[in-house]
Amino acid sequence: MKGILSTLGEGFLDLIYPSNIYCICCGNIIDDSRPYALCDACVRALKWANERTCSHCGKRLQEDYGSDLCTDCAGGEHVFEKGFTCVEYGAAERELLHRFKYKEEAYLGRKLAAMMYDRIQVEELEPDLILPVPMFRRKVRQRGYNQAAVLAASLAKYMECPYAGQLLVRIVETEAMSRLGALGRRRNIREVFSVPRNKIDQLTGKTILLVDDIYTTGSTVDACSSVLLEAGAARVFVLTFASGANLTRAEGSTFEADRN
Ligand SMILES: [Zn+2]
Ligand SMILES: [Zn+2]
């Protein structure tokens, strides 16, 4: 039943938004051979993280940057094994994600997931499970979907890998957390996520691919990774659509507050 519904759902989205007739970025008419339904100009405008990237978190690095680690990674250890991302977060990327997250254009998730699939293919990763960074239940009800879950579920289909959307949950509504100072936030964020006790077995020894829409400092995916590793997972890799190398502090905290 579920299968039928999701198939209908996708067909339905295709009717409303004929996938490959308009560029998903600028809306120009394109032919249906364009990859990810992007026109040539938008392919050129997006800042692909396919050349110099941080060897730990995958963030795009400037050509003349003198290290293999970005400043965040050079300054501290991460809990996750390694991160990958498709694009650097800039104006065009911001617009795409904004429409995907707030304008109910959930169909964009499949296009973004296709880019994420191509990005992760070259790494030859073979995860056992794909998990989204969870969103607090009330927030999911308000928005209608968790954008990370849409990406993760779609990616799992492309990768033919099991999607495990219920293994990690957000148990604390962290709007209260934004009132804490930075130190309190760091300490508290680990207590925000949890693996339901009756699901712990499913994680034992597993290689996890954790999916989110955007990576900023890595504190959220680190917190998720700690919880997953404590529950018995072997390794956690991280894949995001965009990475916010040039994100302002205000934007970074907006992204975090936004999910809780
Ligand atoms: Zn375009
Ligand atoms: Zn890094």
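Here, the structure is the one placed above.
Residues numbered from 1 in each chain as written. Chains lettered and ligands numbered in written order. Predicted model: local features only at pLDDT ≥ 70, side-chain atom pairs only at ≥ 80, totals over all residues. Heavy atoms only, no water.

Q: Before we go on, may I ask you to explain the coordination of the zinc ion (ligand 1) in this structure?
A: Each protein donor to the zinc ion (ligand 1) is listed here as C23 (SG), C26 (SG), C39 (SG) and C42 (SG); together their distances run 2.3 Å. Given four donor atoms and angles of 105 to 117° at the metal, the environment of the zinc ion (ligand 1) is assigned as tetrahedral. (Donors = N, O, S within 2.8 Å, 3.2 Å for Na, K, Ca; no water. Tetrahedral: all angles 85-135°; square planar, octahedral: opposite > 155°, others 65-115°.)

Q: In this structure, what is going on with the packing of helix α5 (residues 108-121) against helix α7 (residues 147-159)? I would like to understand it.
A: At a minimum axis distance of 8 Å, the contact between α5 and α7 shows a crossing angle of 55°. With respect to α7, the element α5 is oriented oblique. Both α5 and α7 take part in a crossing whose hand is right-handed. Contact residues: G109, R110, L112, A113, A114, M116, Y117 and I120 in α5; V150, L151, S154, L155, Y158 and M159 in α7. Residue classes in the contact of α5 with α7 are distributed as eleven nonpolar, two polar and one charged. (Axes fitted to C-alpha atoms, helices over the stretch in contact; angles between N-to-C directions. Helix = DSSP H or I, 4+ residues; strand = E, 2+ residues; numbered from the N terminus. Parallel < 35°, antiparallel > 145°, perpendicular 65-115°, else oblique. Left-handed = near helix turned anticlockwise from the far one by under 90°. Contact = heavy atoms within 4.5 Å. Nonpolar A, V, L, I, M, F, W, Y, C, P; charged D, E, K, R; others polar.)

Q: Teacher, can you tell me more about helix α9 (residues 219-230) here?
A: The end-to-end C-alpha separation of α9 is 16 Å, in line with the 16 Å expected for twelve residues at 1.5 Å each. For α9, a buried count of nine out of twelve residues is recorded, marking the element as mostly surrounded by other parts of the structure. One or two steps after α9, the chain reaches G232, where phi turns positive at roughly 115°. (Expected span 1.5 Å × (residues − 1). Buried < 20%, exposed > 50% of the residue type's maximum accessible area, 1.4 Å probe, protein only.)

Q: How do you make sense of the sheet that holds strand β2 (residues 129-132) when you look at a structure like this?
A: Across a sheet, strands are paired by hydrogen bonds formed along the backbone, either parallel or antiparallel in direction. Strand order across the open sheet formed by four strands is β1-β6-β5-β2, with parallel pairing between neighbours. On the outer flanks of this sheet lie β1 (82-88) and β2, each paired with one strand and no other. Neighbour to neighbour, the strand axes of the sheet diverge by 20° on average, direction disregarded. In this structure, β1 lies alongside strand β6 (residues 235-243), joined through six bridges in parallel fashion. The partner of E88 across the bridge, within β6, is S243. With respect to the sheet, α5 is in contact with β1, β5 (207-215) and β6, its orientation differing from that of β6 by roughly 130°. Packed onto the sheet, α9 meets β2, β5 and β6 and runs at close to 165° relative to β5. (Pairing = 2+ DSSP bridges.)

Q: I keep staring at the nonpolar core and nothing clicks. Help me out?
A: In summary, soluble globular proteins display a tendency toward joint burial of nonpolar side chains. In terms of nonpolar packing, the biggest core is built from 38 residues, with I130, L209 and F241 touching the most fellow members. Two domains each provide a minimum of three residues to this core, namely domain 1 (1-45) and domain 2 (46-259). With residues near it in sequence (within four places) discarded, I130 still touches A152, L155, A156, M159, C161, P162, Y163, A164, L209 and V211. L131, I208, V221 and A231 belong to the second-largest nonpolar core, a separate cluster that totals 28 residues. (Core = buried A, V, L, I, M, F, W, Y, C linked by side-chain atoms within 4.5 Å. Domains from an automatic or database assignment.)

Q: It is not clear to me how the packing of helix α4 (residues 91-102) against α5 should be interpreted in this structure. Could you clarify?
A: Axes are the key here: two packed helices are described by the angle between their axes and the distance separating the axes. Packing of α4 against α5 brings their axes to within 9 Å, and their N-to-C directions diverge by 135°. In terms of orientation, α4 and α5 fall into the oblique class. Between α4 and α5, the contacting residues are L96, L97, R99 and F100 on the first element and L108, G109 and L112 on the second. In the contact of α4 with α5, the residues fall into five nonpolar, one polar and one charged.

Q: Whenever I open this one, the coordination of the zinc ion (ligand 2) confuses me. Can you help?
A: For a metal bound by four donors in tetrahedral geometry, the ideal donor-metal-donor angle is 109.5 degrees, whereas six donors in octahedral geometry ideally sit at 90 or 180 degrees. Every protein donor of the zinc ion (ligand 2) is accounted for by C54 (SG), C57 (SG), C70 (SG) and C73 (SG), and the metal-donor separations fall at 2.3 Å. Because the angles between the four donor atoms bound to the zinc ion (ligand 2) fall within 105 to 117°, the donor set is best described as tetrahedral. Here C54 falls in the buried class, since its relative accessible area comes to 1%. Exposure remark for C57: the relative accessible area of 3% places this residue in the buried category.

Q: Sorry, what's going on with the side chain of T85 here?
A: Tracing the chain through its elements places T85 in strand β1. Side-chain polar atoms of T85 contact the backbone oxygen of F241, separated by 3.4 Å. Residues in contact with T85, not counting those within four places in the same chain, are A49, G58, K59, R119, L239, T240, F241, A242 and S243. (Polar contact = N/O pair within 3.5 Å; in protein donor to acceptor, adjacent residues only side chain to side chain.)

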